[in-house]
Amino acid sequence: MAYIEPAPIKDRENPLESMMERFNIAAEKLGLSDEVYNVLKNPAKQVIVSLPITMDNGKIQVFEGIRVIHSNILGPAKGGIRFAPDVHLDEVRALAAWMTWKCAVVDIPYGGAKGGVRCNPREMSKGEIERLVRAYTMAMIDVFGPDKDIPAPDMGTGPREMAWLMDEFSKAHGMTIPAVVTGKPLVLGGSLGRTEATGRGVMVSALAAMQKLKINPFTATCAVQGFGNVGSWAARLLEERGLKIVAISDHTGAFYNEKGINIVEAIAYRDSNNGTLEGFAGGERLENAADLLTLKVDVLVPAAVEDVITTANADQIKAKLIVEGANGPTSAKADAILNEKGIMAVPDILANAGGVTVSYFEWVQNRLGYKWTADRVNRRSDRIMKDAFDNVYQASIKYDVPMRIAAYIVAIDKVAQTYTYRGGY
Ligand code: NAD
């Protein structure tokens, strides 16, 4: 029998600690009482299970599965399931809190959760992964539920895993319950518009911010870091709205074209090239890919990985506006430098919340037993994103704080007020 040792917590400028730093600043600005602060800081429920799985070689391997519900004050908890070798309770806990703030900032009736299984899906067969998903679902049968806790994909999981989860949960209840999970394949009750939802929300928040900053989209330039789901959709939709995308990048390199990169062509190239931009000829390759972040552009969209704008490069950033497609791309220490330079940053919990918004629509459609058109999904998510932006912008004026702290203020205030009305023991 094999057992995977717990992974050590990484020692770096941790984006999750950065999140807590901002939470603390916002709580203080808001004048949150110590009592409510403690309620919001601590997760509501943490479940750890052992999942013995018979591997293809006939041996039994035990995996650790985690689910943390940070808050169910606003409604059922919502959050993805991560399959990765370094899944750790502390990280899952912080990611669950992050979901609470993200749902609250866009005003959807969900609390926050996150789950994970410590495993390496790249080294597992399809059958092994399926058994693991089904075992995890059964172990969490009393945790999950359309009115309790609604999982979704995260790193290492996707529509395929969500289909297995939905099937296992449904079998255990003797009926089909699609609303227990979002991010399902379309034929199983997934929502139209989900694929582009996060990039679309980035576009909506970028345009709203540009209006406030009086940047004309038809003369504006933009650089996008990361060319996966979020980055490529954001780039494409911003290009459609008139912006000139002068630089794009992925993990293989960054490409610059002062006349503007044709994003539709870049996407077609990526799709025909194993999913990467390597060898892309629509722009000149930057020697140092990280230089994309410090280009002289109006709008910068980090949409790749966490912790890319730090004290090491924040003072060289020339963009007037940063719109965070990725989660945690800016460290808390870099915030102060950006603020000093007068750069507006639309924070992750607002800018990339288009994804969870359309996940919410998936759940709504499943419960209605009805399918919306892509047009209806887009119109409604655009409205939610625009309203959320305006709310946060108003809060930033009222409390005289940057957009990031304002977003936390809006979120914390909503959850704190709801908690106070609902009351406790
Ligand atoms: P993805 O895997 O589809 O794409 C990631 C992209 O980033 C790829 O193009 C990859 O090559 C590139 N990349 C990786 N390392 C890089 C580096 N060092 N420099 C430049 N590019 C690099 O992932 P995604 O779904 O687009 O997610 C991107 C970010 O957005 C993540 O932080 C994710 O947590 C966040 N996010 C995603 C969603 C969603 O709906 N997909 C929702 C909210 C937040």
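Residues numbered from 1 in each chain as written. Predicted model: local features only at pLDDT ≥ 70, side-chain atom pairs only at ≥ 80, totals over all residues. Heavy atoms only, no water.

A. The arrangement of the pairing of strand β7 (residues 221–225) in detail. Counted residue by residue, β7 has five buried out of five residues, so it is predominantly covered. Side chains Thr221, Ala223 and Gln225 project from β7 onto one buried face, and the interleaved Cys222 and Val224 project onto a second face that is buried too. With five bridges connecting them, β7 and strand β8 (residues 244–250) associate as parallel partners. Residue pairing across strands places Gln225 opposite Ser249, the latter belonging to β8. Crossover handedness for the path β7 to helix α7 (residues 229–240) to β8: right-handed. Strand direction decides the pairing type here: β7 and strand β11 (residues 299–302), joined by four bridges, are parallel. (Buried < 20%, exposed > 50% of the residue type's maximum accessible area, 1.4 Å probe, protein only. Helix = DSSP H or I, 4+ residues; strand = E, 2+ residues; numbered from the N terminus. Pairing = 2+ DSSP bridges. Right-handed = clockwise from strand over helix to strand, strands pointing away.)

B. Summary view of the pairing of strand β3 (residues 60–71). In terms of burial, β3 is a largely internal element, 10 of the 12 residues being buried. With 10 bridges connecting them, strand β2 (residues 45–54) and β3 associate as antiparallel partners. Along β3, the bridge assignment pairs Ser50 with Glu64. Between the end of β2 and the start of β3, which pair antiparallel, lie five residues, with Gly58 showing a positive phi angle near 90 degrees. Relative to strand β5 (residues 111–118), β3 runs antiparallel, the two being bridged by six bridges. Across the sheet, the residue bridging to Ile69 is Ala113, located in β5.

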